[in-house]
Amino acid sequence: MTSPRHRSVSHARDLWADALGRATIRALQGLVLLTATVVVVYGLIQLKLVVIPLLIALILAAALHPVVGFLRRRGVPGALATWITFLAAIVVLGGVVTGIVFAVRSEWDELVLSAVGGLERLRQFIVAGPIPIGQKALDEAITAVVDFTSSPQFGAGALLGIFAATQVITGAVLVAVILYFFLQDGAKIWAFFLCRFHGENLEKLLTSGTTTLHVLGGYVRGTALVALLEAVVIGVTLVVLRVPLALPLAVLIFLGGFIPIVGAALIGAVAVLVALVANGPVVALVVVAVVVAINQLDGRVLQPMVLGRALSLHPLVVLLALAGGAILSGVVGAVLAVPLTAVGWALIQIWFPASRAPDALSGKNARPGAVLTDPPGPEAPTTT
């Protein structure tokens, strides 16, 4: 004869054992996981002055790591190879950033006025066109765009991505310091974190570290090459067509290339508006054709060929990552979101091998073990 206590315990177990009970357990687990994720993300946002330089330094170190390895294989001492790579990166990045800031800021007001003028001519065409669109709605939309592009926040965000000058300086110093230590002692730092792991977990962590370097490095180098090609093609087109502000527009297109899918297209739209107000509709249509063609070439040929598996993500995933990064940390978040998402998906494939069968994010069927065995980097062929 069972006691009332045993019957109540058995009844409670039965409640959790049926389909509804199991669903409830999963829901509670999901809520706990979601809460932990929110707390972690909130903490990272509060520490973004440290987290963002850390991520930028990690991405740059992944891109520059092959240079250090190349110098060391040629007999250059390790410390000297690190200093050569580090100083060269600082000089190149500093020169590029300085040139971009001066090239864009010196003509920013004229660029905004030209874009606004293009919007006004576009409004007149739409109002006079065959499609009936309310004048009031167009005026409100154009006013909102003009106010946004003319605001100091937009200018600061487009040029620097950070609003306070002190944060820019602090972040730049932190990036430089962290980058040097990553280049010099990256292997030692990673080994320190792995010293307490053994067996299969250690093997997966080692593979995760190598994969992260390959994905980030391949992404940065490939994206820079694709963005440079886009900027050169569109910039030369603007120069040939005698569109004003060709240099700052080309610079902005290069920067926009680091925001996949939407970045270069948005800046290309600004180039079209400038061409419309300065050179007329025929030249503007030619610029539209070039921008559309180079974006199609980028998405269908250049990115798969140059980036390889470094960005084997579905476009919808890229767009969602961009939106999430922009919401969390503005322009900088949008730039960092895609490579971090690519790294996250690569790590999921390592730690949860079953997810390799249907490659849901990339839309491809990856071979089991492809992440562990295929040669990584931009040259790696896309698995089929």
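Fair warning: this is a prediction, and the values are worked out from it, not measured in the lab. (Residues numbered from 1 in each chain as written. Predicted model: local features only at pLDDT ≥ 70, side-chain atom pairs only at ≥ 80, totals over all residues. Heavy atoms only, no water.)

Peer 1: Residue-level account of helix H13 (residues 315-351), with values.
Peer 2: Helix length check: H13, at 37 residues, gives a terminal C-alpha distance of 24 Å against a target of 54 Å (1.5 Å per residue), a shortfall beyond 12%. The sharpest bend along H13 comes to roughly 145°, located at Ser329. (Helix = DSSP H or I, 4+ residues; strand = E, 2+ residues; numbered from the N terminus. Expected span 1.5 Å × (residues − 1). Bend = angle between axes of the 7 residues up to and from the residue.)

Peer 1: Now, about the packing of aromatic side chains: what can you tell me, with residues and values included?
Peer 2: In this structure the tally under the stated criterion is six aromatic pairs. The interplanar angle of 80° and the centroid separation of 5.9 Å between the aromatic rings of Trp83 and Phe86 together place this pair among those described as edge-to-face. With Trp83 and Phe86 both in helix H4 (residues 78-105), this residue pair falls three residues apart, about one helical turn. The exposure class of Trp83 is partly exposed, given its relative accessible area of 40%. Owing to a relative accessible area of 10%, Phe86 belongs among the buried residues under this scheme. Ring geometry for Phe192 and Phe193: centres 5.7 Å apart, planes at 75°, overall edge-to-face. Each of the two residues, Phe192 as well as Phe193, counts as exposed. These aromatic residues form a ring-pair network of at least three members: Trp83, Phe86, Tyr180 and Phe181. (Phe/Tyr/Trp six-rings, centres within 6.5 Å; stacked < 30°, edge-to-face > 60°. Buried < 20%, exposed > 50% of the residue type's maximum accessible area, 1.4 Å probe, protein only.)

Peer 1: Lay out the packing of helix H10 (residues 246-256) against helix H11 (residues 263-279) with the relevant residues and their values.
Peer 2: Pairs of packed helices are described in terms of their axes, by the angle between the two and the distance that separates them. Here H10 crosses H11 at 160°, and the two axes come no closer than 7 Å. The angle between H10 and H11 places the two elements in the roughly antiparallel class. Taken as a pair, H10 and H11 cross one another with a handedness that is right-handed. Contacts between H10 and H11 involve Leu249, Leu252, Ile253 and Gly256 from the first element and Gly263, Ala264, Ile267, Val270, Ala271 and Val274 from the second. (Axes fitted to C-alpha atoms, helices over the stretch in contact; angles between N-to-C directions. Parallel < 35°, antiparallel > 145°, perpendicular 65-115°, else oblique. Left-handed = near helix turned anticlockwise from the far one by under 90°. Contact = heavy atoms within 4.5 Å.)

Peer 1: Describe the environment of Ala289, listing the residues and the values that go with them.
Peer 2: Secondary-structure assignment places Ala289 in helix H12 (residues 281-307). Sequence-wise, Ala289 and Val272 are 17 residues apart; in three dimensions their C-alpha atoms are separated by 9.8 Å.

As far as function goes, none of this settles anything; it's purely spatial.
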